[in-house]
Structures are given as C-alpha cells and as structure tokens.
Amino acid sequence: MARAEGAGGALHHLASPGAMSAAASQLLPPGSATLGMLGGGQLGRMFCHAAQTMGYDVVVLDPDAHSPAGAVAQRHICAAWDDAAALDALAASCAAVSVEFENVPAAALQALAGRCRLAPGAAAVAIAQDRRREKELFARCARQSSGVPPAPFMSIASEADLAAVPPTLLPGVLKTARLGYDGKGQARVRSRTALADAWEALGRAPCVLEQMLPLAAECSVIVARGADGQCVHLPVQRNTHRAGILAASEVYEGNVPAALAQQAQAAAEDIARALDYSGVLCVEFFILDDDSLIVNEMAPRPHNSGHYSINACDVSQFELQVRTLAGLPLPAPSQHSAAVMLNLLGQVWFDASGQPRTPPWAQVLALPGAHLHLYGKREARAGRKMGHLTFTAASAQQARRQALRAASLLGIAPF
C-alpha cells in the first residue's frame, strides 16, 4: 500500500531523471525508473497497475488522502496539484510524468518541464482545457487535411458576442470553455432568450455555443503517439451516454460503418500530430443522421470508453500510456474478443427505493465473459464512477446478450 505524504514529507529518491535535454530521446527500460502521475482517480489507478506489471514504481500526486491511485502507488504525495513543494518532490523522484485528469493545471506540467519527461506536455493539455482553443484546433485540422470538422460554433464571452450569434447556431448547446466534463457546465438553448439566460446561469463565464445537430450515434478513438511521432490507435468505440455520462461502450467489427471508422481514426491521428502530442489521447465524435461525422471533444489521457481494452485487446490503453511515457515501442493494438463495457455508477449500490444495497455480484460474475473492475472508492453516490464491467465473447451478439443480462441485474437501463 502507498504511503501518503504531505508536500514537505521526505521522499526517497527512486530514480535519477537527469537533464531533460538528454533524457528526451532515451528509453526508460522496464524496471529501471519511477514514473509519476498527476491525479489520483481511477485512470491513475489503472495506469499504476499497468506500470507495475512492467516493473516500474509509481508516485502519485493528488490532494485526496484516499485517492484510488494513491492507494496502489508506491508513493502518494498528498497535496494540491499546483503545490510547488509537491511538484519538486515529484520531479526529484520521477523520470517521467503523465496526467489522468484533464483539469490538472497546465501550469503544474509547465513547472515540471525540463526536469522530467512529460507525456502529454503542458501546451497540449492547455488546449484541451479550453473548448475555444480545442474547437479552433479541430477546425484547422479539418481545413488542412480535408478531415472531420467540429459542429458550427462561436465563442461567447461578452454581451456583444451574444448579440452577434447568427440564427443558424440556434438551437444549440452552450458549454463553458473551461472545467466542463461528464455533462457539467452545459445547457441546451433554443432561442436567444434561452441563450442569454443560460449564459447568466453559467456565471457569464467564457463559453462556446455549438449548433445542435441531428445525432444518430456517438463514437470515440483512442490514439497513442510517441515522442518520435509513431502513432497507433485502438478500434473505434461506439458509445452510449446518459445525462452526459458514458453508460456503455460497444467494440466489435461493424459497430460503426467501416468508412466512418477509418475517417475517425485518421482524424484523431491528425489532431495528435497537430498538437505534436506525446501520450494517450481520446477524441470523441458524433455520427449524424446523414452518416457524416463531426468531432466533438478530446481528452489528453486514457478514457472511460477505452477500459474494455484491458480485457479485449493484446495491449490496453494504460499499457500504451506507460509505453509512450517510457519511450518504449508502440505495437498496433489488436482486439482479440468482441467487447461491451458497462459503466458502474454509484446508483448501482442503491435499490429502487433509494436504500443502500450490495450489488448482486455473484449473479453478475456467473455470466460468461464478465470482468469486474472496481476503483476502491469509499462512498457510492449517484453519478459517481465506481467501476466498470466488461463482457468479452467470440461474437458481438454474445457480448451484448451477457451485458444486457448484467444491466438488468444491476438496475442499469438497456442500451
């Protein structure tokens, strides 16, 4: 179990990073170095598992003394992500550092720059943290490569911007430019009056207004790109969201038309190249009613929709994250089983009357192909990601059948 420390706590020197200029192109062989993680959530926890399997020690920096990743790392520095002393301790201990949460301050990564290898870097994370810059990047990539565009959009930061909104952008979705995820900081608006009211309710924060388009489906692509520019991707995930939170991901041949899957994979790699990205990146797309594709948003880290890769692929998204961070080769992942993943939110731990319960794990785990992953969170709350359940099978029909049975047992709506 990890030892939680304050920022000022003594932390053994586990690796000697050396000068970044010399280290940037060097391989960190398995078992030879300590890797760092900014953020202590479930993504960091699964990164720890992957890194430790390959022989690396991990140091986690997170302010939560009971963070999921901190509980399994070799060291947990319990401090704010932008705490200068904590960042010093992380840099002194780690040869390379990654992130597991897109809202870790980009300034924290900037403070580490030049002291240890970073994947991703501060500049890429800063763009992902601002929807305005993100949308501009997507639009530029689409123009330059005839790729996948974003929905028509406009930045809203003033009364003048509100007045200048063209009628073609309504109805639309107003999203805060920063600190929005899992459906937070968003409002659907159908008129100028509703738009003005929504902007007021969002505290007049800088926002992006996107045209609301007729959606047929959602999908995502996870790419891994090394510092040398080598880029690989996982299969396209077809996703179902409810209330802005991922409910299920289905990954098998034919889940998305082949031409659209190839287009999404190419667009995701274009975006990674435009960012000069190093690390694992998830890009989310909408499939419209006319079978065209638009790019929605990106996450500079592994993604909920890629969790199935732990059980259904020969290389998971978390091993890819380790490989990009350590400078290891990036083999093209191969999916060996059809997969359906269910997101396990806190409401699974309550019955229909709202009383706490233990989910029927024995019945669920009796289903063929079930793989349960719980994140070690102490308290279940509605909407909180507590774990995930992946079903693997020889066919899509078998995986879906078992996943739907599990959903019924757990009180999760069918998908």
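Preceding this section is the structure that the text describes.
Not measured: the values here are computed from a predicted model. (Residues numbered from 1 in each chain as written. Predicted model: local features only at pLDDT ≥ 70, side-chain atom pairs only at ≥ 80, totals over all residues. Heavy atoms only, no water.)

Colleague: Would you take a moment to explain the pairing of strand E14 (residues 245-251) for this structure?
Modeller: Of all 7 residues making up E14, 7 are buried, and the element is well covered by its neighbours. Pairing analysis gives 5 bridges linking strand E13 (residues 237-242) to E14, with the strands arranged antiparallel. Residue Arg-238 lies in a different strand from E14, and its bridge partner there is Glu-250. Two successive antiparallel strands, E13 and E14, enclose a turn made up of 2 residues, where Ala-243 displays a positive phi of approximately 55°. (Buried < 20%, exposed > 50% of the residue type's maximum accessible area, 1.4 Å probe, protein only. Helix = DSSP H or I, 4+ residues; strand = E, 2+ residues; numbered from the N terminus. Pairing = 2+ DSSP bridges.)

Colleague: Would you explain the sheet that holds strand E8 (residues 172-176) in this entry?
Modeller: Overall, antiparallel pairing links the 4 strands, which are arranged E7-E10-E8-E9 in an open sheet. Two strands close off the open sheet at either side, each with one partner strand: strand E7 (153-156) and strand E9 (186-189). Averaged over all pairs of adjacent strands, the angle between their axes in this sheet comes to 20°, without regard to strand direction. Sheet topology note: the E8/strand E10 (residues 207-211) ladder contains 5 bridges and is antiparallel. Opposite Leu-174, over in E10, you have Leu-209 as the bridge partner. In this fold helix H8 (residues 192-201) packs onto E7, E8, E9 and E10, with an angle of close to 165° to the strand it touches most, E9. (Axes fitted to C-alpha atoms, helices over the stretch in contact; angles between N-to-C directions. Contact = heavy atoms within 4.5 Å.)

Colleague: Looking at this structure, how should I read the side chain of Arg-225?
Modeller: With respect to the element layout, Arg-225 can be found in strand E11 (residues 215-225). Every residue in contact with Arg-225, bar those within four places of it in the chain, is listed here: Gln-230, Cys-231, Ala-272, Arg-273, Asp-276, Tyr-277, Ser-278, Gly-279, Thr-324 and Leu-330.

Colleague: In this structure, what is going on with the packing of aromatic side chains? I would like to understand it.
Modeller: Within a pair of aromatic rings, the relevant descriptors are the distance that separates the centres and the angle that separates the planes. Scanning all chains against the criterion turns up 2 aromatic pairs. Arranged with centres 5.7 Å apart and planes meeting at 45°, the rings of Trp-81 and Phe-101 form a pair that is tilted. Separated by 20 residues along the polypeptide, Trp-81 in the loop between strand E4 (75-77) and helix H3 (84-93) and Phe-101 in the loop between strand E5 (96-99) and helix H4 (106-112) bring together distant segments of the chain. The burial state of Trp-81 is the same as that of Phe-101; both residues are buried. Pairing Trp-349 with Trp-361 gives two aromatic rings, centres 5.7 Å apart and planes at 65°, and the pair type is edge-to-face. In this pair, Trp-349 is assigned in the loop between strand E17 (338-345) and helix H12 (361-365) and Trp-361 in helix H12, connecting sequence segments 12 residues apart. (Phe/Tyr/Trp six-rings, centres within 6.5 Å; stacked < 30°, edge-to-face > 60°.)

Colleague: What is the right way to read the packing of helix H6 (residues 131-145) against helix H9 (residues 258-274) from this model?
Modeller: Helix packing for two helices is described by the angle between their axes and how far apart those axes are. Where H6 contacts H9, the axes come no closer than 10 Å and their chain directions differ by 110°. Considered as vectors, H6 and H9 are oriented roughly perpendicular to each other. Considering only the axes of H6 and H9, their crossing is right-handed. For the pair H6 and H9, the contacting residues are Leu-137, Phe-138, Cys-141 and Ser-145 in the first and Asp-270, Ile-271 and Ala-274 in the second. (Parallel < 35°, antiparallel > 145°, perpendicular 65-115°, else oblique. Left-handed = near helix turned anticlockwise from the far one by under 90°.)

Colleague: Explain the environment of Leu-325 to me, please; I cannot follow it from the model alone.
Modeller: By secondary structure assignment, the location of Leu-325 is in helix H11 (residues 317-326). Not counting residues up to four positions away in its chain, the partners in contact with Leu-325 are Leu-28, Leu-35, Gly-36, Phe-47, Ala-96, Val-97, Ser-98, Arg-117 and Ala-119.

Colleague: I tried to follow empty space enclosed by the protein on my own but got confused; where do I start?
Modeller: Over the atoms a probe the size of a water molecule is rolled, and this reveals where empty space is left. Throughout the structure, instances matching the rule amount to 1 cavity of 30 Å³ or more. Empty space within the largest cavity amounts to approximately 50 Å³. In terms of lining residues, the largest cavity is bounded by Phe-138, Cys-141, Ala-142, Ser-145, Gly-147, Val-148, Ala-267, Asp-270, Ile-271 and Val-295. Looking at which element gives the most residues to the lining of the largest cavity, the answer is H6, with 4 residues. A per-class count over the lining of the largest cavity returns 7 nonpolar, 2 polar and 1 charged. (1 Å grid on protein atoms, 1.4 Å probe; cavity = no way out; pocket = protein on both sides within 12 Å on 5 of 7 lines; lining within 4 Å. Points joined across faces, edges and corners; volume = space filled by probe spheres on them. Nonpolar A, V, L, I, M, F, W, Y, C, P; charged D, E, K, R; others polar.)

Colleague: So what exactly am I meant to see when it comes to H6 here?
Modeller: Given 3.6 residues per helical turn, the α-helix brings residues three or four places apart onto the same face. With 15 residues, H6 extends 21 Å between its outermost C-alpha atoms, agreeing within 8% with the 21 Å of an ideal straight helix rising 1.5 Å per residue. Among all positions in H6, only Arg-131, Glu-134, Lys-135, Leu-137, Phe-138, Ala-139, Cys-141 and Ala-142 are buried. For H6, the side-chain oxygen to backbone nitrogen distance between the N-cap and Arg-132 is 2.9 Å, and the N-cap itself is Asp-130. At the C-terminal side of H6, Ser-146 shows a positive phi close to 55°. (Expected span 1.5 Å × (residues − 1). Polar contact = N/O pair within 3.5 Å; in protein donor to acceptor, adjacent residues only side chain to side chain.)

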